[in-house]
Amino acid sequence: MNKLLMDGEKKTLDEGIDVVEVKGENILYLIHHQVETLKIYMEENATLTVYDFCLGGKNRQIEVFQNGHSKIAYIHSFKATKNYHFTYLVNLRGNENVNNICIRGISNSEATLNIEGNVVEGGKNNELNEDIKVLTVGGSASVSPILNVSALETLANHTTAISNIREDVLFYFLSKGIDSKQAIELIENSYLYGMFKNTEFFNMIK
Amino acid sequence: MLQIEHLTVSIEGKVILRDFSLSIKKGEIACLMGPNGIGKSTICKVLMGDPHYKVEAGSIFYKGEDLVSLDVVERSHKGIYLVSQNPISIEGVTNAEMLRAALESKTGEKSNFFEFNKKAKAICEKLDIPLEFIHRGVNEGMSGGEKKKNELLHLYLLEPDLILLDELDSGLDIDSLKTLSESLSQYKTKEKSILIITHHISILEYLHPDTVHILKNGRIINSGDYNLAKKIEADGFSAYEVCEEETYE
Ligand SMILES: Nc1ncnc2c1ncn2[C@@H]1O[C@H](COP(=O)(O)OP(=O)(O)OP(=O)(O)O)[C@@H](O)[C@H]1O
Ligand SMILES: [Mg+2]
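These numbers come from a predicted model, not from an experiment.

**Q** An account of the pairing of strand β3 (residues 19-23) of chain A is requested, with residue identities and associated values reported.
**A** All names here are of chain A. Pairing analysis gives five bridges linking strand β1 (residues 3-7) to β3, with the strands arranged parallel. Paired with L4 across the two strands is V20, which belongs to β3. For β3 and strand β5 (residues 37-42), the ladder comprises four bridges, and the chain directions are parallel. From the neighbouring strand, V22 faces β5, where its bridge partner is M42.

Here's what the structure looks like:
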């Protein structure tokens, strides 16, 4: 087990780290990481934003533990040029945790996303938001959201959209003089980089 | 500029235009009117090359060239531009990204970042739209009227020669209609032509048409000048049909 302690930091994850303990306000960058498993433990009042960008990387399983008054935003974009499995497990205990996960991906192959949220009995006012969009370009995708909510006053939202490039969108680009190859590139880039625009992370991955 | 002759067009097996002919000269502003669902937008989409529409018969020549054999991108590069009745929005791709790609594709040269921004800024001022539109997603989160303005922002950057305005005036407030029409009338030189599709004559007060055509039963049933549009506005299409029969008697 290789542990990283974060306390008010902005850091790119080093290879080989599989546990992160978080205090204070932090930003963690994952760029093409060959992470297979990563466990994130949040202390009370900790906040963490994870920017995770992955082009054809390894399958990964992220597990998050929040024990009260903590906040995570997990922002992930991927391009699955080969089969890709992404698992995200959230464990919310205690009161007033927020977990926002936002995923944008492109599947040229087979992308499987398992998102599981457990909101444990005894806590109150927890929030879990999952927003997932996958564009299939010659590939397929499946998203399985599981929500186990046993706590009072939990707010849980899940949206998934899996789609091909729409014909009318393609025609629109063509009619502006952009050929289909360039059009697909523009659309794909909006999925891969759109969430990171105006962040330092954007320059790191572009 | 444009010669459409004896055109028959269908969509999903349903014939919309039958023996439709229309020509638009270089420098001309033509206006096409007709009841709902008669095929006005169909003409625009056929000219732009929408693959859903099938040209069954007839010909279209644009600048002397057979248009039907050109693909959509070629038509755009050769100067045809459509402002659709309901422009779609594209989440995530910004105006600037799309337009730079479009300009690079048209000219074959890398677009100069500073020149692009300077030009886009000047156009925003002319159209009275916020500068931040340039970096907004294409029509993303824009109101109906804002989308139309945004489509004109694209138009002025791409500098087309044949402009198809499919109900530009729908969704525009009075001041915006005036601003946009005036900007178009400044843009229109002797080298450029415009086809206006509208249900109302107010746009024609700013963009004075040389010719006005009425579409019915798949083809043009009458042509005239601005006065014809005024007559339609006053009497409607059904009243107009009576007049047509009277003239035949
Ligand atoms: N995919 C489709 N399948 C079948 N019919 C279609 C299809 N798309 C359009 N049509 C039909 O084609 C006809 C012409 O439509 P079009 O949009 O050109 O009308 P329009 O004159 O522009 O009307 P409006 O004034 O309401 O904009 C309509 O009857 C419409 O229902
Ligand atoms: Mg129409």
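**Q** Any details on the interface of chain A and chain B? Residues and values, ideally.
**A** Listed as interface residues are 19 residues of chain A and, on the opposing side, 26 residues of chain B. At the boundary of chain A with chain B, total buried surface from both sides reaches about 1900 Å², with 65% on carbon and sulfur atoms. When the area that chain A buries against chain B is broken down by residue, the three leading residues are F171(A), Y172(A) and K176(A), summing to 34%. One can count three salt bridges joining chain A with chain B. If you look at where chain A meets chain B, you find twelve residue pairs in polar contact (both at pLDDT 80 or more). Elements represented by at least two residues in the side of chain A that touches chain B include exactly α1 (167-175) and α2 (180-193) of chain A. Ranked by residues supplied to the side of chain A that touches chain B, first place goes to α1(A) with eight residues. In the side of chain A that touches chain B, the residues fall into eight nonpolar, four polar and seven charged.

**Q** For the coordination of the magnesium ion (ligand 2), give the residues involved together with the corresponding values.
**A** All names here are of chain B. Protein coordination of the magnesium ion (ligand 2) is provided by S41 (OG) and Q85 (OE1), with donor distances spanning 2.0 to 2.1 Å. Of this pair, S41 sits in helix α1 (residues 40-48) while Q85 sits in the loop between β6 (80-83) and β7 (90-94), placing them 44 residues apart in sequence. Since its relative accessible area comes to 17%, S41 is described here as buried.

**Q** Kindly report on the site of ligand 1, identifying the contributing residues and their values.
**A** Residue and element names in this part refer to chain B. By nearness alone, 15 residues border ligand 1, and G37, K40, S41, T42 and H199 come closest of all. A distance of 3.5 Å separates a nitrogen atom of ligand 1 from a polar atom in the side chain of E12. Between G39 and ligand 1, the recorded distance is 3.0 Å, taken from a backbone N or O atom to an oxygen atom. For ligand 1, whose free accessible area comes to 650 Å², the fraction covered by protein is 70%. Mapped onto the shell around ligand 1, the elements with two or more residues apiece are β2 (14-24) and α1. For the shell around ligand 1, the element with the most residues is α1, which contributes three residues. Residue classes in the shell around ligand 1 are distributed as four nonpolar, seven polar and four charged.

**Q** Mind laying out the packing of helix α3 (residues 95-107) of chain B against helix α5 (residues 144-158) of chain B, listing which residues take part and the relevant values?
**A** Residue and element names in this part refer to chain B. Two numbers describe how α3 lies on α5: the axes approach to 10 Å, and their chain directions differ by 30°. It follows that α3 is roughly parallel to α5 by the angle criterion. The interaxial crossing formed by α3 with α5 has right-handed handedness. Along the contact surface, α3 presents N95, M98, L99, A102, L103 and K106, while α5 presents N150, L153, H154, L157 and L158. Residue classes in the contact of α3 with α5 are distributed as seven nonpolar, three polar and one charged.

**Q** So what about α1(B)? Which residues, and what values?
**A** Residue and element names in this part refer to chain B. Burial analysis of α1 places eight of its nine residues in the buried class, which makes it a mostly covered element. Of all the residues in α1, the buried ones are K40, S41, T42, I43, C44, V46, L47 and M48. In the segment just after α1, G49 is the residue with positive phi, at about 100°.

**Q** Describe the sheet that holds β6(B), naming the residues involved and giving the relevant values.
**A** Residue and element names in this part refer to chain B. With mixed pairing, the six strands of this open sheet are ordered in space as β6-β9-β10-β3-β11-β12. In this open sheet, the two edge strands, each paired with only one partner strand, are β6 and β12 (219-224). Across the sheet, the axes of successive neighbouring strands diverge by a mean angle of 20°, strand direction being ignored. Packed onto the sheet, α1 meets β3 (29-33), β6, β9 (162-166), β10 (193-197) and β11 (211-216) and runs at close to 145° relative to β6.

**Q** Go over the packing of aromatic side chains, please, and point to the residues and values.
**A** Taken as a whole, this structure holds 16 aromatic pairs over all chains when the rule is applied. Each ring, one from F196(A) and one from F201(A), has its centre 4.8 Å from the other, and the planes form 75°; the classification is edge-to-face. For the cation-ring pair, R100(B) lies above F116(B), with the distance from its terminal atom to the ring centre recorded as 5.2 Å.

**Q** Which residues make up the sheet that holds strand β13 (residues 140-149) of chain A, and what are the values?
**A** All names here are of chain A. Strand order in the open sheet made by the seven strands is β1-β3-β5-β7-β9-β11-β13, with parallel pairing throughout. Two strands close off the open sheet at either side, each with one partner strand: β1 and β13. Between one strand and the next, the sheet's axes are offset by a mean angle of 10°, whatever the strand orientation. Across ten bridges, strand β11 (residues 110-119) lies against β13 in parallel orientation. Considered in β13, the bridge of N114 is made with S144.

So, how was this worked out
Residues numbered from 1 in each chain as written. Chains lettered and ligands numbered in written order. Predicted model: local features only at pLDDT ≥ 70, side-chain atom pairs only at ≥ 80, totals over all residues. Heavy atoms only, no water. Pairing = 2+ DSSP bridges. Helix = DSSP H or I, 4+ residues; strand = E, 2+ residues; numbered from the N terminus. Contact = heavy atoms within 4.5 Å. Buried area = accessible area lost by both parts, 1.4 Å probe. Salt bridge = Lys/Arg side-chain N within 4 Å of Asp/Glu carboxyl O. Polar contact = N/O pair within 3.5 Å; in protein donor to acceptor, adjacent residues only side chain to side chain. Nonpolar A, V, L, I, M, F, W, Y, C, P; charged D, E, K, R; others polar. Donors = N, O, S within 2.8 Å, 3.2 Å for Na, K, Ca; no water. Buried < 20%, exposed > 50% of the residue type's maximum accessible area, 1.4 Å probe, protein only. Near = heavy atom within 4 Å. Areas by Shrake-Rupley, 256 points an atom, 1.4 Å probe, with all protein chains shown as cover. Axes fitted to C-alpha atoms, helices over the stretch in contact; angles between N-to-C directions. Parallel < 35°, antiparallel > 145°, perpendicular 65-115°, else oblique. Left-handed = near helix turned anticlockwise from the far one by under 90°. Phe/Tyr/Trp six-rings, centres within 6.5 Å; stacked < 30°, edge-to-face > 60°. Lys NZ or Arg CZ within 6 Å of the ring centre and 35° of its normal.

Keep in mind that these numbers describe shape and distance, not what the molecule does.
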